[in-house]
Amino acid sequence: MTSVFRFAPSPNGELHLGHAFSALLNAKLATAAGGRFLLRIEDIDTTRCTPEFEAAIYRDLAWLGLEWEEPVRRQSEHFAEYGALLERLIRAGLVYPAFMSRGEIRAHIADQETLGRHWPHDPDGAPLYPGVDKQLSRRERRRRIDRGDAFAWRLDMEAALGEVAHPLFWREARDEGLAATERIDASPEDWGDVVIARKDVPTSYHLSVVADDALQGVTHVVRGRDLYFATGIQRVLQELFGLEAPVYFHHGLVHGPDGRKLSKSLRDSGIRVLRESGATAAEVRRMIGIG
Ligand code: GLU
């Protein structure tokens with residue numbers, strides 16, 4: 001079976017050394033495996049993603065010496081496909097319209113904490129969504145949607161987990177060799193009722209990434225460790241949709257000179273900035289240890 005790798009950036013900012021590492025590593029592993037390397041543009045957030053950032057991605061990656069298959073899949077061109085998957089979850093009663101605003105969520109949690117109840121947080125440190133509006137009647141949901149209230153479609157995690165085989169796990173490669181993998185137990189319940197789609201955008205990162213990895217036949221998802229625990233959510237969706245799970249390899253993150261995580265606003269680690277300040281692609285590769 002041909003191995004398929006992908007680099008899947010979101011064009012909501014400029015690429016930095018961390019992205020360069022991930023892209024170069026994927027391409028290197030694809031070459032080593034005699035496999036394919038795909039580039040996918042994850043631009044479902046049409047308010048933050050821009051054509052300029054997308055053009056910059058192609059420019060930076062080409063400058064680094066990367067080649068990828070054409071046509072590039074751009075997620076914003078596939079909302080109807082993601083919408084069809086969302087519809088399956090709606091029909092199965094596994095998602096619900098969540099109406100609480102940020103302020104309401106905060107107030108609800110504060111109330112619970114005054115009662116001495118400890119409120120759980122997800123692996124990224126955000127408080128879990130209070131499932132209060134899971135109790136709303138169908139009629140009330142309809143009334144609020146028709147009235148134009150803002151909402152997001154959230155996964156009823158408990159119901160979803162009742163539908164999938166237990167225990168849920170994924171295969172994580174031990175190292176870049178990819179041959180040896182270990183079984184990692186997924187704990188999607190740690191994330192609570194995650195957002196699966198928005199009122200006006202029939203998808204989310206988790207829904208599209210799972211759909212596209214399967215559709216494009218991705219065999220190895222190689223990405224940063226910041227997405228390690230999110231894999232649990234993606235495993236639930238793969239099971240619900242009957243999609244095969246790829247092997248995962250979550251690589252270490254590139255840190256700035258001060259030891260802090262890189263962000264898109266860091267001026268000294270942006271690929272364009274490095275190029276414009278005279279660095280060569282070979283130097284950038286050396287900086288991140290991919291020759
Ligand atoms: N689009 C995601 C990002 O920019 C990466 C998705 C993935 O590799 O699964 O962080």
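Residues numbered from 1 in each chain as written. Predicted model: local features only at pLDDT ≥ 70, side-chain atom pairs only at ≥ 80, totals over all residues. Heavy atoms only, no water.

### Details of the site of the ligand
Then comes step 1: The local shell around the ligand consists of Arg6, Ala8, Ser10, Glu42, Tyr205, Val209, Arg223 and Leu227.
Then comes step 2: A distance of 2.7 Å is found between an oxygen atom of the ligand and a side-chain nitrogen or oxygen belonging to Arg6.
Then comes step 3: Alone, the ligand offers 300 Å² of accessible surface; in the complex the protein occludes 78% of this.
Then comes step 4: Its residues placed into classes, the shell around the ligand shows four nonpolar, one polar and three charged. (Near = heavy atom within 4 Å. Polar contact = N/O pair within 3.5 Å; in protein donor to acceptor, adjacent residues only side chain to side chain. Areas by Shrake-Rupley, 256 points an atom, 1.4 Å probe, with all protein chains shown as cover. Nonpolar A, V, L, I, M, F, W, Y, C, P; charged D, E, K, R; others polar.)

### Section: the sheet that holds strand E4 (residues 95–98)
Then comes step 1: One open sheet holds the three strands; their spatial order is E4-E5-E8, and the pairing between them is antiparallel. Strand pairing shows two members of the sheet lacking a second neighbour, E4 and strand E8 (195–198), which therefore form its edges. The average angle at which neighbouring strand axes cross in this sheet is 30 degrees, direction not considered.
Then comes step 2: Sheet analysis places E4 next to strand E5 (residues 152–155), joined by four bridges and oriented antiparallel. Bridge pairing links Tyr96 to Arg154 in E5. (Pairing = 2+ DSSP bridges. Helix = DSSP H or I, 4+ residues; strand = E, 2+ residues; numbered from the N terminus. Axes fitted to C-alpha atoms, helices over the stretch in contact; angles between N-to-C directions.)

### Considerations on unusual backbone geometry
Then comes step 1: A cis amide bond, omega -5 degrees, links Glu70 with the succeeding residue Pro71.
Then comes step 2: Inspection of the secondary structure assignment puts Pro71 in the loop between helix H2 (51–63) and strand E3 (73–74).
Then comes step 3: One non-glycine residue, Leu178, adopts positive backbone phi at about 65 degrees.
Then comes step 4: In this structure, Leu178 sits in the loop between strand E6 (169–173) and strand E7 (181–185).
Then comes step 5: Given a relative accessible area of 13%, Leu178 falls into the buried group. (Buried < 20%, exposed > 50% of the residue type's maximum accessible area, 1.4 Å probe, protein only.)

### Quick notes on the nonpolar core
Then comes step 1: The biggest cluster of nonpolar side chains holds 38 residues, and the ones touching the most others in it are Leu89, Leu155, Ile196, Val236 and Leu240.
Then comes step 2: Elements that contribute at least two residues to this core include exactly helix H3 (79–91), E5, helix H6 (157–163), E8, helix H7 (205–215) and helix H8 (231–241).
Then comes step 3: For this core, the element with the highest residue contribution is H8, accounting for five residues.
Then comes step 4: Excluding anything up to four places from it in sequence, Val236 contacts Leu155, Met157, Ala160, Leu161, Val164, Leu168 and Pro188.
Then comes step 5: Counting 32 residues, the second-largest nonpolar core is a separate cluster that includes Ala23, Leu29, Ile41 and Leu61. (Core = buried A, V, L, I, M, F, W, Y, C linked by side-chain atoms within 4.5 Å. Contact = heavy atoms within 4.5 Å.)

### So, the packing of aromatic side chains
Then comes step 1: Scanning the entire structure with this criterion turns up five aromatic pairs.
Then comes step 2: Considering the side-chain rings of Phe151 and Trp153, the 5.4 Å spacing of their centres and the 90 degrees angle between planes classify their relative orientation as edge-to-face. Across this residue pair, the class does not change: Phe151 and Trp153 are buried.
Then comes step 3: Ring geometry for Tyr228 against Phe229: centres 5.1 Å apart, planes inclined by 85 degrees, an arrangement best described as edge-to-face.
Then comes step 4: Judged by its relative accessible area of 12%, Tyr228 is buried.
Then comes step 5: Grouped by ring-pair contacts, the aromatic residues Phe99, Phe151 and Trp153 constitute a single cluster.
Then comes step 6: A cation sits over an aromatic face here: Arg183 above Phe169, 4.0 Å from the ring centre. (Phe/Tyr/Trp six-rings, centres within 6.5 Å; stacked < 30°, edge-to-face > 60°. Lys NZ or Arg CZ within 6 Å of the ring centre and 35° of its normal.)

Note that all results are geometric; they support no functional claim without further evidence.
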